[in-house]
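# Results of the structural survey
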Amino acid sequence: GGGAAAAAAAPISSPPHSGDGGARFIRPHLRALAPYTPIEPFEVLSARLGRDPADIVKLDANENPYGPPPEVAAALGAMPFPHIYPDPETRALRAILAAQLGVPAPQVLVGCGADELIDLLMRAVLDPGEAIVDSPPTFTMYAFDAAVNGARVITVPRKPGFALDVPGITDAVTAGGAKVVFITSPNNPDGSLVPEADLLALLALPALVVLDEAYIEFADPAIAASRAAWVLAHDNLVVLRTFSKSAGLAGLRVGYGAFPAGLAELLWRAKQPYNVSVAAETAALAALSNPVYLKTVRDALVAERGRLAAGLARVEWLEPFPSSANFILARVGGGRDAAGVR
């Protein structure tokens, strides 16, 4: 007892404070990381402008202004087990997605948005210092996640008209040693499609090709069908999709992807076990239960895209680019500043 009392009475020495607020514990490459700049939340924007959210038409995040089918709200309100952990394999949702994609269910993974799957791929595939190919202008999460994971980014800018520089990407892989190539079709921010010949040329390279099809529902299916089923024939292809755009579930964060069998098997081991919430899977299943609504909204957005593109083309100092997505990029001319026009 005496020894215990003596130990209790001994003063506890504290290490000196460095004055950095604990930043010294962060991995060195993350200390210099530039933060991702997200879109301003709707409620924050509304408060700043002093306007009711219902009075604001928000165009800066490519969201679906019509929202999800009415079945989603009803299903969320009737969730019987929100206090129970979700199915770690999202089996009900994956069964439907597998049938739609033409891919066996074990080769379909669901994530907390496609963003989670992008990060999971990098964590599982890239050792620190290995490289990805990024082809800007495009979705900025590829370069951001690479930085978070200590990977290098080999930048191969798109050509005039936003076409991929296939020879440049080839050189980045064969000479630069890039391990993963990220491409987006339709591309964000211009809405252009990746031609089949370009995709096949990239798949011939000794690299993993990640095809992000977040906006594929808005493309003409006669010229731009999803390539998800291609993962059955190409073991270096991953195809990512999302419920954020066409299904209007951006706030609930549901993304999914088709993966080659061997890659999928190992990714199952590495993903967070309860990464998709009960609410997210419930909402996605409810959205899929009303395909008529999804098609009606999709067709309305495509029609509005055409109307808006025609109107923008009539402005003499604007040049809208053809888009297969739910947004339009326009070049600002006439001596005007694009940021000022925005």
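Scroll up a little and you will see the structure.
A short tour of the structure in this document, coming up.

The rules behind these values
Residues numbered from 1 in each chain as written. Predicted model: local features only at pLDDT ≥ 70, side-chain atom pairs only at ≥ 80, totals over all residues. Heavy atoms only, no water. Helix = DSSP H or I, 4+ residues; strand = E, 2+ residues; numbered from the N terminus. Buried < 20%, exposed > 50% of the residue type's maximum accessible area, 1.4 Å probe, protein only. Contact = heavy atoms within 4.5 Å. Areas by Shrake-Rupley, 256 points an atom, 1.4 Å probe, with all protein chains shown as cover. Salt bridge = Lys/Arg side-chain N within 4 Å of Asp/Glu carboxyl O. Polar contact = N/O pair within 3.5 Å; in protein donor to acceptor, adjacent residues only side chain to side chain. Axes fitted to C-alpha atoms, helices over the stretch in contact; angles between N-to-C directions. Parallel < 35°, antiparallel > 145°, perpendicular 65-115°, else oblique. Left-handed = near helix turned anticlockwise from the far one by under 90°. Nonpolar A, V, L, I, M, F, W, Y, C, P; charged D, E, K, R; others polar.

### Comments concerning the overall build of the protein chain
- Of regular secondary structure, the protein chain possesses 13 helices and nine strands.
- Put simply, the protein chain has 342 residues, and 41% of those count as buried.
- The long-range fraction of contacts in the protein chain, counting pairs at least 24 apart against all pairs at least 6 apart in sequence, stands at 68%.
- Split by element, the accessible area of the protein chain, about 17,600 Å² in all, is 61% carbon and sulfur.

### Structural notes on the pattern of salt bridges
- All told, the structure shown has 15 salt bridges when counted by the stated rule.
- As a salt-bridge pair, E265 and R269 come within 3.6 Å of each other at their nearest N and O atoms. Remark: R269 and E265 occur in helix 10 (residues 261–270); sequence separation between them is four residues, near one turn of the helix.
- The class of R269 is exposed, set by a relative accessible area of 63%.
- Between D299 and R298 there is a salt bridge, with the nearest N and O atoms lying 3.1 Å from each other.
- For D299, a relative accessible area of 29% corresponds to the partly exposed category.
- Under the relative-accessibility criterion, R298 is labelled buried at 18%.
- Residues participating in the shared-partner salt-bridge network are D87, E89 and R91.

### Digging into unusual backbone geometry
- With an omega of 0°, the peptide bond running from P136 to P137 counts as cis.
- Here P137 lies in the loop between strand 2 (131–134) and helix 7 (141–148).
- The linkage connecting S185 with the following residue, P186, adopts the cis geometry, with an omega of -5°.
- Tracing the backbone through its elements, the reader meets P186 in the loop between strand 4 (180–184) and helix 9 (196–203).
- For F162, which is not glycine, the phi dihedral falls at a positive 75°.
- With respect to the secondary-structure elements, F162 resides in the loop between strand 3 (152–155) and helix 8 (166–174).
- On the basis of relative accessibility, which here comes to 14%, the residue F162 falls in the buried class.
- At R253, a residue that is not glycine, the phi angle is positive and equals roughly 60°.

### Regarding the side chain of N236
- Within the element layout of this structure, N236 appears in the loop between strand 5 (208–212) and strand 6 (237–242).
- Classification of N236 as buried rests on a relative accessible area of 12%.
- At a separation of 3.0 Å, a polar atom in the side chain of N236 contacts the main-chain carbonyl oxygen of L203.
- Apart from the residues lying within four places of it in its own chain, the contact partners of N236 are L203, L205, A207, L208, V209 and P260.

### Quick notes on the packing of helix 6 (residues 113–125) against helix 7
- Close contact between helix 6 and helix 7 brings their axes to 10 Å; oriented N to C, the two are set at 45°. Here helix 6 is positioned oblique relative to helix 7, judged by the angle of their axes. For helix 6 against helix 7, the interelement crossing comes out right-handed. Contacts from D115, I118, D119 and M122 of helix 6 reach helix 7 at M141, Y142, D145 and A146.
- Tallied by class, residues from the contact of helix 6 with helix 7 come to five nonpolar, no polar and three charged.

Everything listed here is a matter of coordinates, which is why it stays silent on function.
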